[in-house]
Amino acid sequence: MKPYIFITRKLPEQVVARLTEKYEVKMWDKEDEAVPRDRLLLEAKKADALLTMLSDSIDEELLSVGEKLKLIANLAVGYDNINVKAAAEKGILVTNTPDVLTDTTADLTFGLLLATARRLVEAAEFVKEGKWQSWSPLLLAGHDVHHKTIGVVGMGSIGETVAKRAKGFDMNILYHNRSRKPKAEEDLGAVYCSFEEILSQSDFIVCLTPLTNETKNLFNQESFKKMKKSAIFINASRGAVVNEKDLYEALINGEIAAVGLDVFEKEPISANHPLLQLPNVVALPHIGSASIETRTEMMHLCLENIDLVLSGKKPKTPVTH
Ligand SMILES: NC(=O)c1ccc[n+]([C@@H]2O[C@H](COP(=O)([O-])OP(=O)(O)OC[C@H]3O[C@@H](n4cnc5c(N)ncnc54)[C@H](O)[C@@H]3O)[C@@H](O)[C@H]2O)c1
Ligand SMILES: O=C(O)[C@H](O)CO
């Protein structure tokens, strides 16, 4: 009997084709809808490997039902949806998709920063809604990006690549990270700062940490109060690093100027969420890595990891607890 792989979302047939001779492969048949929990539990019970999405909760219950389960291959670099400790205890490997999405996500993050600062979404809607009467001196005037100070919180692969983009805009670069990044200091002139220094000195604060117990709620009432009133906050990491109620209060009380969000506490965010009613909020539907090229590479990396593990070899990009 061929080993069984279950993929929790519909992926392009031609991408999956590389494994279908060697393995029995099934996919959830919807592209835009997560597999229901009861179906996922049934599949986990039978599967040798699961290819999962960040919207699937791979918790202890799910890991416990897997009788033959050897691998969870997550289609994301972030793996906060997986109980990695419980997987390790059960001898189930976990893989993610680092590096292949770094440039694409950094491009989107910097694009979100530009869009928020220069009010691009508001301006585009203004034209389409027929509101444009005449050129006027302060029509939809935003904030400059060039020569300002950017503070990157979470200077990992993506954070450092965003800092490279910032260097091209002649920005001063501050960063906060678990460890110092000597190469970024040398090449980009990036300056290591405490979290508090980042908050008080930056014009743009960009969050790119993973979601962990330590980073959950990192951006809260206290942190927003320490930012400049003109500060623009960008989050492209995970929604739960931000307390959205506190963010809303900070925006309506004028404690910060604007925010660009690619990720939310609850995804999808509801269209009537208070944050989405504010003009100085630019909201995107978690599309950091969403270019066709990069998403395809991420899929191939997951499939390669699955093939390696089911052939008794080491995966290319294991997550270590
Ligand atoms: N919006 C998107 O579509 C999208 C796409 C890719 C990644 N992400 C998110 O971005 C995160 C980062 O990805 P990456 O590839 O750069 O990962 P990475 O592991 O290379 O970088 C993460 C960095 O965060 C730092 N960090 C961890 N805890 C910290 C803390 N408490 N304070 C300061 N720094 C801390 C680490 O030292 C590390 O340098 C992912 O975990 C994921 O959640 C989002
Ligand atoms: O963690 C990730 O990789 C993203 O959120 C999706 O690419």
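Residues numbered from 1 in each chain as written. Chains lettered and ligands numbered in written order. Predicted model: local features only at pLDDT ≥ 70, side-chain atom pairs only at ≥ 80, totals over all residues.

- An unreviewed UniProt entry annotates the chain as D-glycerate dehydrogenase originating from Robertmurraya mangrovi.
- Under the UniProt heading Sequence similarities (unreviewed entry), the entry covering the chain gives this text: "Belongs to the D-isomer specific 2-hydroxyacid dehydrogenase family." (UniProt positions renumbered as here; feature names shortened; annotations may be inferred.)

## Quick look at the site of ligand 1
No. 1: Taken together, 32 residues lie around ligand 1, and Gly-78, Gly-156, Arg-178, Pro-210 and Gly-288 are the ones closest in.
No. 2: Elements with a contribution of two residues or more to the shell around ligand 1: α5 (102–117) and α7 (157–168).
No. 3: Ranked by residues supplied to the shell around ligand 1, first place goes to α7 with three residues.
No. 4: A class-by-class count of the residues in the shell around ligand 1 yields 11 nonpolar, 17 polar and four charged. (Near = placed C-beta within 6 Å. Helix = DSSP H or I, 4+ residues; strand = E, 2+ residues; numbered from the N terminus. Nonpolar A, V, L, I, M, F, W, Y, C, P; charged D, E, K, R; others polar.)

## So, helix α2 (residues 37–46)
No. 1: For α2, the complete set of buried residues consists of Leu-40, Glu-43 and Ala-44. Along α2, the residues classed as buried sweep out an arc of 100° about the axis, all on the same side. (Buried ≥ 20, exposed ≤ 12 C-beta atoms within 10 Å, placed from the backbone. Arc of directions from axis to C-beta.)

## Comments concerning the UniProt feature "domain: D-isomer specific 2-hydroxyacid dehydrogenase NAD-binding" (unreviewed entry) in the chain
No. 1: Under the local residue numbering, the UniProt record ascribes the feature "domain: D-isomer specific 2-hydroxyacid dehydrogenase NAD-binding" (unreviewed entry) to residues 110–288.
No. 2: In this annotation, residues 110–288 is assigned 32% helix and 15% strand; the end-to-end C-alpha distance for the span is 10 Å.

## Side note on the site of ligand 2
No. 1: Around ligand 2, the structure places Leu-54, Ala-76, Val-77, Gly-78, Leu-101, Gly-288 and Ser-289.
No. 2: Classifying every residue of the shell around ligand 2 by side-chain character gives four nonpolar, three polar and no charged.

## Section: the packing of α5 against α7
No. 1: The N-to-C vectors of α5 and α7 enclose an angle of 55°; their axes lie 8 Å apart at closest approach. Between α5 and α7, the angle falls in the class oblique. In this structure, α5 crosses over α7, and the sense of that crossing is right-handed. Residues Thr-102, Asp-103, Thr-105, Ala-106, Thr-109 and Phe-110 of α5 form the contact with α7, whose participating residues are Ser-157, Ile-158, Thr-161, Val-162 and Arg-165.
No. 2: Class assignment of the residues belonging to the contact of α5 with α7 gives a composition of four nonpolar, five polar and two charged. (Axes fitted to C-alpha atoms, helices over the stretch in contact; angles between N-to-C directions. Parallel < 35°, antiparallel > 145°, perpendicular 65-115°, else oblique. Left-handed = near helix turned anticlockwise from the far one by under 90°. Contact = placed C-beta atoms within 7 Å.)

## A short note on the domain arrangement of the chain
No. 1: Parsing the chain into structural domains produces domain 1 (4–98 + 292–310) and domain 2 (102–283).
No. 2: Placing the centre of domain 1 and that of domain 2 at their C-alpha centroids yields a distance of 31 Å.
No. 3: Across the boundary between the two partners, domain 1 contributes four residues, which contact five residues of domain 2. (Domains from an automatic or database assignment.)

## Some words on the sheet that holds strand β11 (residues 258–261)
No. 1: Reading across from one edge, β8-β7-β6-β9-β10-β11-β12 is the order of the seven strands in this open sheet, with parallel pairing throughout. Pairing within the sheet leaves two strands with one partner each, and these edge strands are β8 (191–192) and β12 (281–283).
No. 2: Pairing between strand β6 (residues 149–153) and strand β7 (residues 172–176): five bridges, direction parallel. Bridged to Gly-151 within β7 is Leu-174. (Pairing = 2+ DSSP bridges.)

## A short note on the pairing of strand β1 (residues 4–7)
No. 1: Of the strand pairs in this sheet, β1 and strand β2 (residues 24–27) are connected by four bridges, and their pairing is parallel. Directly across from Ile-5, in β2, lies its bridge partner Val-25.
No. 2: One ladder, built from three bridges, connects β1 with strand β3 (residues 49–52); its direction is parallel. Counterpart to Ile-7 in the pairing with β3 is Leu-51.

## Quick look at the nonpolar core
No. 1: Within the largest apolar cluster, 50 residues are counted, with the highest numbers of intra-cluster contacts made by Ile-205 and Val-206.
No. 2: Among the elements that take part in this core, α5 stands out by supplying seven residues, more than any other.
No. 3: Beyond its immediate chain neighbours, meaning those up to four positions away, Ile-205 contacts Gly-151, Val-153, Ile-198, Leu-199, Met-227, Ala-231 and Phe-233.
No. 4: Core analysis: the second largest hydrophobic core is formed by 39 residues, Ala-44, Leu-50, Leu-69 and Leu-75 among them. (Core = buried A, V, L, I, M, F, W, Y, C linked by C-beta atoms within 7 Å.)

## Concerning helix α12 (residues 292–310)
No. 1: Under the 1.5 Å per step criterion, the end-to-end length of α12 is 27 Å for 19 residues, consistent within 8% with the ideal 27 Å.
No. 2: Within the sequence span of α12, burial applies to Thr-294, Arg-295, Met-298, Met-299, Leu-301, Cys-302, Leu-303, Asn-305, Ile-306, Asp-307 and Val-309.
No. 3: Buried positions along α12 lie against β1, α1 (13–16), β3, β4 (71–74), β5 (93–95) and α5.
No. 4: Just past α12, the residue Gly-312 takes up positive phi, approximately 80°. (Expected span 1.5 Å × (residues − 1).)

## Quick notes on the UniProt feature "domain: D-isomer specific 2-hydroxyacid dehydrogenase catalytic" (unreviewed entry) in the chain
No. 1: Sequence positions flagged by UniProt for "domain: D-isomer specific 2-hydroxyacid dehydrogenase catalytic" (unreviewed entry) are, in local numbering, residues 5–319.
No. 2: Between the first and last C-alpha atoms of residues 5–319 the distance is 19 Å; the span itself is 35% helix and 14% strand.

## Remarks on the environment of Glu-43
No. 1: Looking at the secondary structure, you find Glu-43 in helix α2.
No. 2: Sequence separation between Glu-43 and Leu-62 is 19 residues; the distance between their C-alpha atoms is 9.7 Å.

## Quick notes on the confidence of the model for the chain
No. 1: Across the chain, the average pLDDT comes to 98, with 100% of residues at 70 or higher.
No. 2: Overall fold confidence (pTM) sits at 0.98, and the ipTM for the predicted complex is 0.99. (pLDDT = per-residue confidence, 0-100.)

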